[in-house]
Every structure is written in structure tokens, then in C-alpha cells.
Amino acid sequence: MENITLNNALTLSFPDGFRRLTEAETSKLTFIEAGVGVCLRDEERHILVSLGYKKVGLLPRLTLDSVDVAKASQSRVAAAMKTYGYRQLRWQNGRMDGKKACGFRYTYQAQGVGMAGDCCVVKDGGVIYYLNAYVREAGQEESFRLWEEILDAARWVK
């Protein structure tokens, strides 16, 4: 079991099979949003997870909620992934241990392989958390079921 705590505030637990990527592995990845974070991979289930957070200033803290941030993220992802055949599948609203969580699911192509992504955004005060999973489209039902279990079990540090 791998436990990751972001910003000393949000803890996510990953089942056996997930391992944290090294800095060398992470440096080869492309990120749309800059921030502090960590990546994990489950080789057997073909799941890559990117977890990050970003502190925001006073105005965004007061004026933006999780829905606003998720919509902005969706626009950035759609633009960046347009050449990869980005197609949004659904919009998601929910809660993460009592806090509003929003996100979206989408498909795309990577090196000729059908892929699916899931982005979950949670705003807690002046910090925005970006939780992303990337899976093979062929096994996405099982992979996203596991991802949803991980998100459902996430806890805020009291």
C-alpha cells in the first residue's frame, strides 16, 4: 500500500502494484499545469496517476470554486490534446471527504493506442488539487473503478 499526502492536507492510498515514479521518469512526462506533485504507475493494470496541487492568490481563493477550476482545466486539456483526438466523455460532480470535487473524463490516442483520462479537481481554501488518471481505453472500466475507489477513500488531514 502506497500512501501519498499532498500539501500535508490530502491523503490518498494506493493498493499494491502502484509505485511512485522516480524524478528521471517524471522528467520525461509532459504536464499541462505546473505545480507540486507526484506521479505513480501500476505497470500491470496500465494506469498512470498524476497528483498535484497549486496555491492560488487571494482573488482566485475568493472567487473560484471547484467547478470553475475544473472547467478551466478541461479547456486547457482539450486544447493541449486536440492533436491526439481528444474527446470529452462526461462531466463529473461529487464530493471528496466532504469537499466539492468536479472533473471530467475523456479519450485520446497516444502512439496509436486508445487511452482515457480522468481529471478530478478539488479546491480547499487557497489550494487547488489536481488528481489525474490515465488508462488504456480497452480496460478503462476496471481501471476507472479502481481509480474511483482511490478517490472515494481520500481523506483530509485533520
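Residues numbered from 1 in each chain as written. Predicted model: local features only at pLDDT ≥ 70, side-chain atom pairs only at ≥ 80, totals over all residues. Heavy atoms only, no water.

(A) Spatial organisation of the overall build of the protein. Tallying secondary structure elements over the protein gives four helices and ten strands in all. Along the protein, helices and strands appear, N-terminal first, in the series β-β-β-α-β-β-α-α-β-β-β-β-α-β. What you see for the protein is a C-alpha radius of gyration of 15 Å, in line with the 15 Å of a compact globule of 158 residues. On the principal axes, the C-alpha backbone points of the protein span a range of 45 × 35 × 30 Å. Here the analysis covers contacts within the protein between residues at least 6 apart in sequence; of these, 52% occur between residues at least 24 apart. Side chains of the protein give 22 positive and 19 negative charges; the mean places of these two sets differ by 7 Å. (Helix = DSSP H or I, 4+ residues; strand = E, 2+ residues; numbered from the N terminus. Rg over C-alpha atoms; globule rule 2.2 N^0.38 Å. Contact = heavy atoms within 4.5 Å. Lys, Arg positive; Asp, Glu negative; His and termini not counted. Charge placed at Lys NZ, Arg CZ, Asp CG, Glu CD.)

(B) View of helix α4 (residues 140-152). Here α4 contains 13 residues, and its C-alpha end-to-end distance of 17 Å stays within 8% of the 18 Å for a straight helix at 1.5 Å per residue. Among the residues making up α4, those that are buried are Gln 140, Ser 143, Phe 144, Leu 146, Trp 147, Ile 150 and Leu 151. Each buried residue of α4 sits inside an arc of 155° when the element is viewed along its axis, so together they form one side. When the buried face of α4 is taken as reference, the exposed residues oriented beyond 90 degrees from it are Glu 141, Glu 142 and Asp 152. (Expected span 1.5 Å × (residues − 1). Buried < 20%, exposed > 50% of the residue type's maximum accessible area, 1.4 Å probe, protein only. Arc of directions from axis to C-beta.)

(C) Here's a closer look at the pairing of strand β5 (residues 47-55). The element β5 is largely enclosed, with a buried count of seven among its nine residues. Pairing analysis gives nine bridges linking β5 to strand β9 (residues 127-136), with the strands arranged antiparallel. Note on β9: the bridge partner recorded for Gly 52 is Tyr 130. (Pairing = 2+ DSSP bridges.)

(D) The arrangement of the layout of surface pockets in detail. Empty space within the second largest pocket amounts to approximately 260 Å³. The wall of the second largest pocket is formed by 17 residues, among which Gln 92, Gly 94, Cys 120, Leu 151 and Asp 152 lie closest to the centre. Counting only elements with at least two residues in the lining of the second largest pocket, the list comes to β6 (87-96), β7 (99-110), β8 (113-124) and α4. Considering each element in turn, the lining of the second largest pocket owes the most residues, six residues, to β6. Here the residues of the lining of the second largest pocket are counted per class, giving seven nonpolar, four polar and six charged. (1 Å grid on protein atoms, 1.4 Å probe; cavity = no way out; pocket = protein on both sides within 12 Å on 5 of 7 lines; lining within 4 Å. Points joined across faces, edges and corners; volume = space filled by probe spheres on them. Nonpolar A, V, L, I, M, F, W, Y, C, P; charged D, E, K, R; others polar.)

(E) Examining the confidence of the model for the protein more closely. Per-residue confidence for the protein gives a mean pLDDT of 89, with 91% of residues at or over 70. Model confidence for the protein, summarised as mean pLDDT per element, is weakest for helix α2 (residues 58-63) at 58 and strongest for strand β2 (residues 10-14) at 97. (pLDDT = per-residue confidence, 0-100.)

(F) Region of interest: the side chain of Arg 105. Secondary-structure assignment places Arg 105 in strand β7. Here Arg 105 is in contact with Gln 88, Leu 89, Arg 90, Gln 92, Gly 117, Asp 118, Phe 144 and Glu 148, once residues within four sequence places are set aside.

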